[in-house]
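# Report on the structure
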Amino acid sequence: MSVTKGVILVGGPSKGTRMRPLTLDCPKPLLPIAGKAMVWHPLAALAQVPGLTEVLLVGFYEDSVMAPFVREAQREFPNIKISYLPEYRSLGTAGGLYHFRDSILRAPVPQHIFICNIDIATSFPFAELLEVHNKHRGVGTIMGVPVKKEVATRYGSIVHDPETAQVLHYVEKPQGWISNTANGGVYLFDKALFDEIKDAMDEKTARAAEDPLVVLDENLQLEQDVIERLAAAKKLYVYESKDFWRQIKTAASAVTANSLYLQRFEKTHPDLLTKGPNITAPVYVHPTATIDPSAKVGPNVAIGPHVFLGEGARVVNAIILDNSTIDKHAVVVNAIVGSNSTLGQWARVDGEPEPETEVKGKISVSVLASDVQVLPETHVRSCIVLPNKSLSKNAANQVLL
Ligand code: GTP
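Quick caveat: nothing in here was measured; it's all calculated off a predicted structure. (Residues numbered from 1 in each chain as written. Predicted model: local features only at pLDDT ≥ 70, side-chain atom pairs only at ≥ 80, totals over all residues. Heavy atoms only, no water.)

### Some remarks on the UniProt feature "domain: Mannose-1-phosphate guanyltransferase C-terminal" (unreviewed entry) in the protein
Under the convention used in this document: UniProt positions are given in the numbering used here, feature names are shortened, and annotations may be inferred rather than shown by experiment. To qualify as a helix, a DSSP run of H or I must reach at least 4 residues; to qualify as a strand, a run of E must reach at least 2; elements of each kind are numbered from the N terminus.
The sites that UniProt annotates as "domain: Mannose-1-phosphate guanyltransferase C-terminal" (unreviewed entry) are residues 280–397. Secondary structure content for residues 280–397 is 0% helix and 40% strand, and the end C-alpha separation is 28 Å.

As structure tokens, this is what we get:
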């Protein structure tokens with residue numbers, strides 16, 4: 001069996017700004033979705049791939065930010081080697097890969113490398129990608145996902161031959177519509193990818209020599225600088241996924257991703273889900289959380305460490321982060337409650353489910369940052385609440401600073 005490795009592009013502190021206020025005190029890759037850090041989901045899927053020896057997380061967070069997760073993950077997945085490679089600054093989605101090429105290609109030398117973005121919720125169909133990849137002689141296979149025509153230009157657009165799966169044309173966020181198949185942010189490449197990145201880097205160097213506006217640095221984008229070239233050279237193929245796929249860019253999309261991953265756990269990790277007379281599946285409850293037997297929880301709820309849910313409390317379609325208290329008869333629907341926050345008795349924090357296409361200026365899901373107090377009987381609807389706020393008045397459709 002050929003050696004395979006995985007790379008997860010975890011980004012860095014200047015990324016994930018649309019996840020604020022959640023990312024103010026928790027880096028995006030470590031935000032709990034369905035009770036597990038966002039980065040855990042691709043990692044757990046990679047750990048299942050036969051012949052996969054190693055997963056490298058590449059990003060521009062400080063080493064110390066990712067180290068505790070890497071240590072814990074290494075204990076959970078002892079069959080693979082897990083490491084974090086910190087870029088000295090943001091090098092782009094291909095610059096980091098190139099900077100760390102020696103580490104990625106170190107023995108056992110991989111024949112194939114899976115690469116995936118952190119900010120997506122999907123089933124990570126690596127086995128299917130490999131099957132398609134083994135049928136052609138391209139350098140890479142990209143996971144394509146169907147998107148609606150109205151939003152297609154927000155993604156990388158793939159035009160391909162439906163017979164051969166060969167990618168004929170790729171444009172990152174095109175000006176006008178060209179295809180309903182979007183780049184799903186999951187790839188499989190042969191190790192020849194690094195020759196292609198080198199060519200792209202050389203081309204950039206040549207451009208910089210001629211054009212003073214091109215900055216000569218190590219920054220390179222996988223999508224624009226490498227994939228567009230591979231498509232033009234007919235060296236790229238597509239695997240069209242029919243499974244669930246969503247981007248996790250905003251706090252509201254974290255609630256959608258939470259539901260999708262919890263539903264997936266019913267098949268893949270039923271042991272992680274909690275059952276009970278007042279629980280409507282799927283629900284994840286951390287073992288250290290305390291839930292009053294009369295509280296009603298679910299569906300699509302993840303409850304973090306040391307959370308307390310009082311008598312008659314109700315939680316639906318929500319993420320409750322660590323150390324929070326939902327007091328007697330308080331209600332949380334379509335919302336995220338940040339760490340160390342409290343809802344007093346009969347308080348209510350709710351919102352609308354995330355719409356399929358975001359409406360600018362309209363808040364759907366309610367998000368409480370950390371250390372927020374919602375006083376008894378207060379109703380907060382479709383609001384974003386910044387840390388350390390104490391709310392005693394009802395509020396709707398506002399950002400509360
Ligand atoms: P936006 O819609 O503008 O957010 O763009 P996008 O969806 O194309 O996402 P983007 O290119 O910013 O990020 C794609 C993936 O690459 C995400 O998982 C990011 O965390 C990751 N990423 C982005 N920039 C870098 C970088 O400089 N280094 C590393 N290692 N990862 C990065």
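From this point, the discussion proceeds with the structure in view.
### Considerations on the site of the ligand
Here is the rule: It suffices for a single heavy atom of a residue to lie within 4 Å of a molecule or strand for the residue to be listed as near it. Throughout this description, a polar contact denotes any pair of N or O atoms lying within 3.5 Å of each other; where both atoms belong to protein, one of them has to be capable of donating a hydrogen while the other can accept it, and for residues adjacent in sequence the pair is counted only when both atoms sit in side chains. Computed with the Shrake-Rupley method and a 1.4 Å probe, the accessible areas treat only the protein chains shown as cover for residues. Each residue is assigned to one class: nonpolar for Ala, Val, Leu, Ile, Met, Phe, Trp, Tyr, Cys and Pro, charged for Asp, Glu, Lys and Arg, and polar for all the others, Gly among them.
By nearness alone, 20 residues border the ligand, and Lys15, Glu87, Ser90, Gly92 and Lys249 come closest of all. In the environment of the ligand, an oxygen atom lies 2.7 Å from a nitrogen or oxygen atom belonging to the backbone of Gly92. Between the ligand and the protein, one listed contact pairs an oxygen atom with a side-chain N or O atom of Lys249 at 2.7 Å. Compared with its free state, where it exposes 640 Å², the ligand has 83% of that area covered by protein. Of all the elements in the fold, those that place two or more residues in the shell around the ligand are strand 1 (4–11), strand 4 (52–59) and helix 3 (92–99). The element contributing the most residues to the shell around the ligand is strand 1, with 3 residues. Taken together, the residues of the shell around the ligand sort by class into 6 nonpolar, 7 polar and 7 charged.

### Section: the pattern of salt bridges
Condition: What counts as a salt bridge is simple: a side-chain nitrogen of Lys or Arg found within 4 Å of a carboxyl oxygen of Asp or Glu. Exposure is judged per residue with a 1.4 Å probe applied to protein chains only, and the accessible area is read against the type maximum: over 50% gives exposed, under 20% gives buried, and values in between give partly exposed.
Here the structure, examined in full by the defined rule, presents 13 salt bridges. Lys198 is the partner of Asp202 in a salt bridge, and the nearest nitrogen-oxygen pair spans 2.9 Å. Of this pair, Asp202 and Lys198 both sit in helix 6 (residues 193–210), 4 residues apart, which is roughly one turn of that helix. The salt bridge involving Arg229 is made with Glu203; its shortest N-O contact spans 2.3 Å. Of this pair, Arg229 sits in helix 7 (residues 222–232) while Glu203 sits in helix 6, and the two are 26 residues apart along the sequence. On the accessibility criterion, Arg229 (27% relative accessible area) is partly exposed.

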